[in-house]
Amino acid sequence: MTYPNQAVVVLGPYEVEINLIHPYMYFLLDISNAWGAVVPPAYVDAHGGVQPNTPNSYLDQYGAPGTGPYEIESVSGTPGEFTEIVLKANPNYWGNNYPPGSLPVLDQPAHIQIIDIKYTMSHTDRVELFASNEAQISYVSPPFLDQIYTAWPYNKYLPPQSIIRLLGYQPAGVLFISMNVYEWPTNCTDFRLAVVHAVNYTALLYTYYSPLLNTTLAELYLGPSNPAYIPFYNPDNLPMYSYDPNLAIEYLNKSGWECNFYTVLPNGTTIGNPNGQKLPAIPIAVIPPITPLVEEQLEIITQDLSQIGIPTSIEYVTTAESGTWYNPQITPTMVDLGWYPDWPDPLFQLLFPVLNVIEGGVYGANEAWFNNTVVNNLTLTMPFVTNETEQLQMLAEVYNITYWQAPYIWLPWPINYLIVQPYVKGVTWTWDEYFYNTLYYQPVTLYVITYSNGTQVIQYNNGTIANT
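This is a predicted model, so every value here is computed, not measured. (Residues numbered from 1 in each chain as written. Predicted model: local features only at pLDDT ≥ 70, side-chain atom pairs only at ≥ 80, totals over all residues. Heavy atoms only, no water.)

Details of the overall build of the chain
Argument step 1. Scanning the chain from terminus to terminus reveals 13 helices and 26 strands.
Argument step 2. Each principal axis of the C-alpha distribution contributes one length, and for the chain these read about 80 × 80 × 45 Å.
Argument step 3. Across the 468 residues of the chain, 43% fall into the buried class.
Argument step 4. Contacts spanning at least 24 positions in sequence make up 65% of the contacts within the chain whose residues lie at least 6 apart.
Argument step 5. Working note: accessible area of the chain is about 24100 Å², and carbon and sulfur atoms make up 55% of it.
Argument step 6. Of the charged side chains in the chain, 9 are positive and 38 negative, and the gap between their average positions amounts to 11 Å. (Helix = DSSP H or I, 4+ residues; strand = E, 2+ residues; numbered from the N terminus. Buried < 20%, exposed > 50% of the residue type's maximum accessible area, 1.4 Å probe, protein only. Contact = heavy atoms within 4.5 Å. Areas by Shrake-Rupley, 256 points an atom, 1.4 Å probe, with all protein chains shown as cover. Lys, Arg positive; Asp, Glu negative; His and termini not counted. Charge placed at Lys NZ, Arg CZ, Asp CG, Glu CD.)

As for a nonpolar patch on the surface
Argument step 1. There is a patch of nonpolar side chains on the surface, built from Val8, Val16, Ile18, Leu20, Leu28 and Ile31 and spanning about 490 Å² of accessible area.
Argument step 2. Mapped by element, the contributors of at least two residues to the nonpolar patch are strand S2 (15-18) and helix H1 (27-31). (Patch = residues over 30% accessible without salt bridge, like charges linked within 9 Å, V, L, I, M, F, W, Y side chains within 5 Å. Salt bridge = Lys/Arg side-chain N within 4 Å of Asp/Glu carboxyl O.)

Some thoughts on the sheet that holds strand S12 (residues 261-264)
Argument step 1. Taken together, the three strands give an open sheet; going across it, the order is S13-S12-S14, and neighbouring strands pair in mixed fashion. This sheet does not close on itself; its edge strands, each paired only once, are strand S13 (270-272) and strand S14 (277-278).
Argument step 2. Inspection of the sheet shows S12 paired to S13 by three bridges, in the antiparallel sense. Opposite valine 264, over in S13, you have threonine 270 as the bridge partner.
Argument step 3. Docked against the sheet, helix H8 (residues 245-258) engages S12 and S13, running at close to 65° with respect to S13. (Pairing = 2+ DSSP bridges. Axes fitted to C-alpha atoms, helices over the stretch in contact; angles between N-to-C directions.)

Observations regarding the sheet that holds strand S18 (residues 408-411)
Within a sheet, adjacent strands bond to each other through the backbone by hydrogen bonds, running parallel or antiparallel.
Argument step 1. Strand order in the open sheet formed by five strands is S16-S15-S17-S8-S18, and the pairing between neighbours is mixed. Looking at the sheet topology across the chains shown, the edges are occupied by strand S16 (312-316) and S18. On average, adjacent strands in this sheet sit at an angle of 30° to one another, irrespective of strand direction.
Argument step 2. Taken strand by strand, helix H9 (residues 292-306) contacts strand S8 (174-179), strand S15 (282-286), S16, strand S17 (334-339) and S18, and its axis lies near 150° from that of S16.

Focus on unusual backbone geometry
Argument step 1. In this chain, glycine 223 is followed by proline 224 through a cis amide linkage whose omega measures 20°.
Argument step 2. The topology assignment puts proline 224 in the loop between strand S11 (218-219) and H8.
Argument step 3. Along the chain, proline 288 connects to proline 289 via a cis peptide bond; the corresponding omega equals 0°.
Argument step 4. With respect to the element layout, proline 289 can be found in the loop between S15 and H9.

Some thoughts on the state of the cysteines
Argument step 1. According to the stated counting rule, one finds one disulfide in the structure shown.
Argument step 2. In this model cysteine 188 forms its disulfide with cysteine 259; the gap between the sulfur atoms is 1.8 Å. The chirality of the disulfide connecting cysteine 188 with cysteine 259 is left-handed, given an S-S dihedral of about -140°. Here cysteine 259 lies in the loop between H8 and S12 and cysteine 188 lies in the loop between S8 and helix H6 (189-198), a separation of 71 residues in the sequence. Residues cysteine 188 and cysteine 259 agree in their burial class; the two are buried. (Disulfide = S-S within 2.5 Å.)

A word on the nonpolar core
Nonpolar side chains tend to gather and get buried jointly when the protein is soluble and globular.
Argument step 1. Counting 73 residues, the largest nonpolar core has Phe191, Ile310, Ile409 and Trp410 as its most contacted members.
Argument step 2. Sequence-distant contacts of tryptophan 410, defined by excluding residues within four places in its chain, comprise Val174, Leu175, Phe176, Tyr201, Tyr221, Leu222, Gly223, Pro224, Tyr241 and Val354.
Argument step 3. Phe130, Tyr149, Trp152 and Leu158 belong to the second-largest nonpolar core, a separate cluster that totals 15 residues. (Core = buried A, V, L, I, M, F, W, Y, C linked by side-chain atoms within 4.5 Å.)

Description of the environment of serine 138
Argument step 1. Structurally, the position occupied by serine 138 is in strand S6 (residues 137-138).
Argument step 2. Using a relative accessible area of 10% as the deciding quantity, one classes serine 138 as buried.
Argument step 3. Remark: the alpha-carbon pair of serine 138 and glutamine 421, spanning 283 residues in sequence, is separated by 9.0 Å.
Argument step 4. If we skip the residues at most four places from it in the chain, serine 138 touches Arg126, Phe130, Leu418 and Ile419.

Regarding the side chain of threonine 379
Argument step 1. Mapping threonine 379 onto the fold places it in helix H12 (residues 373-381).
Argument step 2. At 2.7 Å, the side chain of threonine 379 forms a polar contact with the backbone oxygen of valine 375.
Argument step 3. A distance of 3.2 Å separates a polar side-chain atom of threonine 379 from the backbone oxygen of asparagine 376.
Argument step 4. Contact partners of threonine 379, with chain neighbours within four places excluded, come to Leu351, Phe352, Leu355, Asn356 and Val398. (Polar contact = N/O pair within 3.5 Å; in protein donor to acceptor, adjacent residues only side chain to side chain.)

Focus on the packing of aromatic side chains
Argument step 1. Overall, the coordinates contain 23 aromatic pairs when judged by the stated rule.
Argument step 2. Where tyrosine 434 meets tyrosine 436, the ring centres are 5.5 Å apart and the plane angle is 80°; that geometry is what we call edge-to-face.
Argument step 3. Accessibility expressed as a relative area gives 23% for tyrosine 434, which makes it partly exposed.
Argument step 4. By way of ring pairs, the aromatic residues Tyr24, Tyr26, Phe348, Phe352 and Phe384 are connected into one cluster. (Phe/Tyr/Trp six-rings, centres within 6.5 Å; stacked < 30°, edge-to-face > 60°.)

Examining the pattern of salt bridges
Argument step 1. According to the stated counting rule, one finds five salt bridges in the structure shown.
Argument step 2. Ionic pairing is found between lysine 88 and glutamate 73, a salt bridge with its closest N-O pair at 3.4 Å. Residue lysine 88 is found in strand S4 (residues 81-89), and its partner glutamate 73 is found in strand S3 (residues 70-78); the two are separated by 15 residues along the sequence.
Argument step 3. Under the relative-accessibility criterion, lysine 88 is labelled partly exposed at 29%.
Argument step 4. As a salt-bridge pair, glutamate 84 and lysine 118 come within 2.9 Å of each other at their nearest N and O atoms. Remark: lysine 118 occurs in strand S5 (residues 114-118) and glutamate 84 occurs in strand S4; sequence separation between them is 34 residues.
Argument step 5. By relative accessible area, which is 21% here, glutamate 84 ends up partly exposed.

This is the structure we're talking about:
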């Protein structure tokens, strides 16, 4: 590794040099995330070693020893379908040897000795375990926040904000319904334009409304980028697709003549080519289990499309089935999915997977199999351009092309939040996750002060929070 002119050159016991084929501004951020994890070579060699282009089955199933603040105590379930993972504080963690408070936040040793993570719990169980204080951190969808707050026994003393931690928008990712550009009738551009103008986006956004907080915990955006990525978001300020059923019907009528089909509107009017094929129900593939929120969104979309004469059906597919979508002929006509990048790069981790045909299918993120030569070239080049002005010009061109090609229905992007017991402190959110080692317990004391006029003031750790 000390030989020069390699990708990685060892310069000394504490220094390496990494040579890239192209300049890449997010490189250091990339290697500091999970994809850049360093594993012990001796352990790998002792458990199957490295075979080119072949996964190490032992490490896939059991993992590798790490040097972090926690280690795995036990695992329940099967790989890919875990039901519970128990972590315990790592007694050999290097950070244990430093004085308290001397390390950066994310390097802190574990404050809580045992972390018990339960997966695949029902909504009812999540509400009940939090209310009974058996769960310290939980989650329910926005419409059900009032349910978990009402079940929580301290709601008469503390406001909702004492347990609902709003963490901001995840600065990457998109949710969508893809439209396969190789399959009929979504291979017709005007058909896809009809679809994106038939959907009531305000109604979709309202599925994230929380009556408890009287706010909507999501935002609308125009993909393929995310508003958190300004300036790498919609540089030409293109308008959102309008909810315009009449315009949608115009596009659908046009596509019926272009792609040889007809359909009948709810009022009995026939549009498209009356001598063509009658438009069949278009399946929308969904991978269960789905939440009530997603179910409501699908109901809105199917009803909106039926109003312009596009019948649809919901088709449930297993994760294993979706893993076979390795070409456009196998990929369903429409798919309800999304893409969460592995590190926060607005170009190489968001636009490239969603729009480049190289990333077609579920193992990329381009379920639409969108394939435009200009976009393919731009998305492959943009991430490695060092001039931001030039990058934005290229991005604007990508946006304009995809806007009028409409390969996706862009679904609202939710805000991140957790439901946390008031005595749990140190919830530290970075990009798309929180850290267990920063969590700690701090007792909560309530003081109720009653004045002579009957007014009561409730104080929470000496900070006034409510009048009753």
